[in-house]
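# Fold and geometry: a report
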Amino acid sequence: MSTQTEPAARVTGAGSTWSDAIVYEVYLRSFADGDGDGVGDLPGLAAHLSHLRALGVDAVWLTPFFPSPGHDHGYDVSDYTDVDTTFGGLAAFEELVAAAHAQGLRVLVDVVPNHTSHRHRWFRAALAEGRSGGRYRDYYLWRDPAADGGPPNNWLANFGGPAWTLDPASGQYYYHAYLPEQPDLNWRNPEVLAEWVRILELWLARGADGFRIDVAHNLLKHAAYPDNPELDVPTDGRTPVGRVSAARRLVRAHDVDQDGAADIFAALRAALPLTNAGEPPFLLGETVLDDPDRVARYVAPGRLHAAMWFGAQNVAFNAADIAAALEPGARPLDPGAGRYAWFLSNHDRARPASRLAEDGADRLAEDGAARLGADRALAVAAVLMVMPGPYVLYQGEELGAVDADVPVDLARDPIAVRAGEAAMARDRARTPMPWTAEDGRGFSAATPWLPHGQLPPAGSVADQSGVPDSHLERWRSMVAAWRAHRGTLPTAVEVLMDLGLVRVRRGPLTAVLSTGPEAPLPAGTTLWRSLPGDDDVVRPGETVWRLTEGRSR
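Read on for a plain summary of the structure. (Residues numbered from 1 in each chain as written. Predicted model: local features only at pLDDT ≥ 70, side-chain atom pairs only at ≥ 80, totals over all residues. Heavy atoms only, no water.)

## Structural notes on the overall build of the protein chain
Going by this rule: Starting at the N terminus, helices and strands are each numbered in turn, a helix being any DSSP run of H or I of at least four residues and a strand any DSSP run of E of at least two. With the radius of gyration taken over C-alpha atoms, the globule rule is written as 2.2 Å times the number of residues to the power 0.38. Classification of residues uses two cut-offs on accessible area relative to the type maximum, computed with a 1.4 Å probe and protein chains only: under 20% is buried, over 50% is exposed, and between them is partly exposed. In what follows, residue pairs with any heavy atoms lying within 4.5 Å of each other are defined as contacts. For accessible areas, the Shrake-Rupley method is used with a probe of radius 1.4 Å. Any residue's cover is judged against the shown protein chains and nothing else.
In terms of helices and strands, the protein chain carries 13 helices and 19 strands. In terms of overall size, the protein chain behaves like a compact globule, its C-alpha atoms giving a radius of gyration of 23 Å where 553 residues would be expected to give roughly 24 Å. By its C-alpha atoms, the protein chain is 75 × 50 × 50 Å across when sized along the principal axes. By residue count, 58% of the 553 residues in the protein chain fall in the buried class. Of all intrachain contacts in the protein chain linking residues separated by at least 6 positions in sequence, the fraction that spans at least 24 positions is 69%. Put simply, the protein chain shows about 20000 Å² of open surface, and 52% of that area lies on carbon and sulfur atoms.

## A closer look at helix α8 (residues 319-326)
One turn of an α-helix holds 3.6 residues; hence residues three or four places apart share an orientation. Applicable threshold: To obtain the arc, one takes the directions from the helix axis to the C-beta atoms. Whenever two N or O atoms come within 3.5 Å, that pair is a polar contact, provided that in protein one can donate a hydrogen and the other can accept it, and provided that, for residues adjacent in sequence, both atoms are side-chain atoms.
Looking at α8, one finds that the buried residues are A319, I322, A323, A325 and L326. Within α8, the buried residues cover an arc of 160° as seen down the axis, which keeps them to one side. Its side-chain oxygen at 3.3 Å from the backbone nitrogen of A320, N318 defines the N-terminal cap of α8.

## A few points about the pattern of salt bridges
Selection rule: Think of a salt bridge as a Lys or Arg side-chain nitrogen and an Asp or Glu carboxyl oxygen that are within 4 Å of each other.
Applying the stated criterion across every chain yields a total of 31 salt bridges. With a closest N to O distance of 2.6 Å, D144 and R131 form a salt bridge. Here D144 is found in the loop between β5 (142-143) and β6 (164-167), whereas its partner R131 is found in the loop between α4 (121-129) and β5, with 13 residues between them in sequence. Here the salt bridges do not stand alone but share partners, grouping D72, D348, D413, R426 and R430 into one network.

## Looking at the sheet that holds β5
Let me state the cut-off plainly: Here, a strand pair is defined by DSSP locating no fewer than two bridges between the strands.
Taken in spatial order, the 3 strands of this open sheet run β5-β7-β6, and their pairing is antiparallel. If you trace the sheet from one side to the other, it starts and ends with β5 and β6, each paired once. Direction of pairing for β5 relative to strand β7 (residues 172-175): antiparallel, over a ladder of 2 bridges. What sits directly across from R143, in β7, is Y173.

## Focus: the environment of T86
Structurally, T86 can be placed in the loop between β3 (59-62) and α3 (89-102). Look at T86 and you get partly exposed, because its relative accessible area is 29%. Residues T86 and V39, spaced 47 residues apart in sequence, show a C-alpha to C-alpha distance of 7.6 Å. Every residue in contact with T86, bar those within four places of it in the chain, is listed here: D35, D37, V39 and D41.

## Here we look at empty space enclosed by the protein
Gaps left between atoms show up when a probe the size of a water molecule is rolled over them. To be explicit about the condition: Using a 1 Å grid laid over the protein atoms alone, points where a 1.4 Å probe fits but cannot get out form a cavity; open sets with protein on both sides within 12 Å along at least 5 of 7 lines form a pocket; any residue with an atom within 4 Å of a point counts as lining. Grid points are joined across faces, edges and corners, and a volume is the space filled by probe spheres set on the points. Residue type decides the class: Asp, Glu, Lys and Arg count as charged, Ala, Val, Leu, Ile, Met, Phe, Trp, Tyr, Cys and Pro as nonpolar, and the leftover types, Gly among them, as polar.
Applying the stated criterion across every chain yields a total of 4 cavities of 30 Å³ or more. If you add up the space inside the largest cavity, you get close to 110 Å³. What lines the largest cavity is R351, G396, A401, V402, T431, P432, M433, P434, R441, G453, Q454 and P456. Counted by class, the lining of the largest cavity contains 6 nonpolar, 4 polar and 2 charged residues.

## A look at helix α13 (residues 471-485)
Rules: By this rule, a helix spans an expected 1.5 Å times one less than how many residues it contains.
Helix length check: α13 (15 residues) gives 22 Å between terminal C-alpha atoms against 21 Å at 1.5 Å per residue, within 8%. Turning to α13, its buried residues are H471, L472, R474, W475, R476, M478, V479, A481 and W482.

## Details of the packing of helix α5 (residues 190-205) against helix α6 (residues 261-271)
In plain terms, the rule: Fitted lines through C-alpha atoms serve as axes, helices being fitted only where they are in contact, and the angles separating the N-to-C directions of these axes extend from 0 to 180 degrees. When an angle is under 35 degrees it counts as roughly parallel; over 145 it counts as roughly antiparallel; between 65 and 115 it counts as roughly perpendicular; any other value is oblique. Here a crossing is called left-handed whenever its near helix is offset anticlockwise from the far helix by less than a right angle, and right-handed whenever the offset is clockwise.
As a packed pair, α5 and α6 sit with axes 10 Å apart at the nearest point and diverge in direction by 45°. Regarding the angle of α5 to α6, the classification is oblique. The hand of the α5/α6 crossing is right-handed. In contact with L193, V197, L200 and E201 of α5, α6 contributes A267, L268 and A271. Per-class residue counts for the contact of α5 with α6 are 6 nonpolar, no polar and 1 charged.

## With respect to the packing of aromatic side chains
The cut-off we apply is this: Pairing of aromatic rings covers Phe, Tyr and the six-membered ring of Trp, with a centre-to-centre limit of 6.5 Å; geometry is then stacked below 30 degrees between planes, edge-to-face above 60, and tilted otherwise.
A full pass over the atoms with the stated rule returns 31 aromatic pairs. Residues F123 and W142 carry aromatic rings whose centres are separated by 6.0 Å and whose planes lie at 0° to one another, so their mutual orientation is stacked. Of this pair, F123 sits in helix α4 while W142 is found in strand β5, placing the two residues 19 residues apart along the sequence. The burial state of F123 is the same as that of W142; both residues are buried. Between Y391 and W475 the ring centres are 6.0 Å apart and the planes differ by 45°, which places this aromatic pair in the tilted class. Here Y391 is found in strand β12 (residues 391-394), whereas its partner W475 is found in helix α13, with 84 residues between them in sequence.

From the geometry alone we can't say anything about function, so treat these as descriptive.
See below:
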């Protein structure tokens with residue numbers, strides 16, 4: 001890399017009320033237990049909205065709360081129109097929305113349009129209709145067996161085994177990208193779109209402000225169902241959480257991200273009414289794709305308002321990796337296009353405090369490595385925050401939470417329980433929120449549905465609240481600084497990188513991250529820094545926000 005500062009790219013585009021919002025993801029089962037059964041719920045969340053308000057976030061994303069058999073902990077939905085009694089029932093949802101709105105928080109409902117539960121009435125009707133069925137049968141994906149009587153092609157399920165299950169009564173296989181209990185919907189059938197318009201209209205009428213759309217890139221499959229090519233997967237030192245190893249041996253050429261998939265969201269967006277607040281409902285898509293140009297299709301004008309860009313989620317702590325992950329967000333946008341949504345963690349991924357500590361673990365004690373990882377995670381989050389687009393903050397990230405070591409006999413993720421691949425399991429990031437350091441962690445007096453993980457290196461919410469320079473208070477101060485200045489920033493941004501430094505320049509605000517040596521800061525005033533101190537330099541592992549007189553050139 002040249003020793004000269006090199007501009008990577010810049011971007012311009014139209015903003016919106018959600019353009020630079022901070023969205024807080026609540027993994028509902030693990031946030032707060034309001035009724036004492038060991039499972040987090042809506043009343044528990046309502047009782048802790050003050051934490052979100054003090055943090056300064058703009059919206060809360062609720063993971064699925066619909067009735068479900070629980071094979072994938074709520075992502076196998078048996079009724080999209082109701083609230084499971086485990087989470088408090090419909091009245092609890094309405095009370096939560098009212099309480100959130102009263103505190104200035106918008107509410108995003110996590111919807112799962114790629115697949116239903118096998119107990120959903122649509123799938124039960126499809127089975128009853130049989131292969132000659134004319135209505136609900138076509139809501140799902142059915143194929144005759146291959147010549148040898150086996151599955152129609154070589155597609156594999158993300159959670160293990162073939163992606164096809166035989167229905168003996170009809171002699172046909174149905175497709176499921178995940179578990180057999182999660183049959184995929186047929187989005188080439190216009191009746192499926194019509195059903196989903198009605199579902200989303202219902203939740204908008206109940207007060208939702210928008211939707212996080214699970215596996216938005218998955219909705220269409222190749223109409224001819226050809227085999228996927230095989231791929232030799234290189235060894236990755238970072239744990240590839242979320243899919244079994246066998247499924248990683250196929251190129252996802254024909255079962256995800258098909259041409260036309262992004263058009264579904266144009267049709268969906270055009271059909272939806274305004275929210276009760278008179279705003280267009282916000283549509284945030286989960287787009288688990290490696291190619292940013294493919295992700296960009298989902299945020300073309302009239303489609304999704306934001307799409308989750310996974311390029312930043314697994315970066316190593318070096319300037320080249322981080323700048324490369326940021327670069328797609330600095331490309332030109334079409335007028336009216338949506339944005340990339342930035343994040344470092346969610347309920348499906350390893351926690352950044354653990355990931356980013358990896359190259360420090362060999363020279364530090366466990367607690368020291370965890371603190372190093374948490375500080376690095378905050379530094380990386382601070383440069384992501386400055387990029388155009390929402391930042392999605394997963395519960396516990398503001399505490400510096402680390403991955404849990406869940407014993408195999410207590411695992412709950414089907415990746416561990418069914419496929420037997422504990423190393424790939426998502427339980428590590430789903431353990432209960434540590435509100436206090438007491439035995440029940442302030443989460444529940446009952447045995448929790450998933451064991452508690454170790455406390456974050458800086459302690460619980462109670463341990464960190466009001467403590468100067470704690471991880472939580474540094475997050476709070478960053479969010480406060482961001483909220484105070486984001487409305488004045490242009491939509492143009494530059495990403496620059498040299499000598500172990502990443503600079504993100506957005507008008508008068510420059511974020512400087514050092515993954516290498518100490519370096520002088522540009523002339524100006526320090527707005528915020530990720531590590532305690534007041535030096536006129538950026539230190540290794542630190543991000544500093546600097547206000548300068550000049551604008552991005």
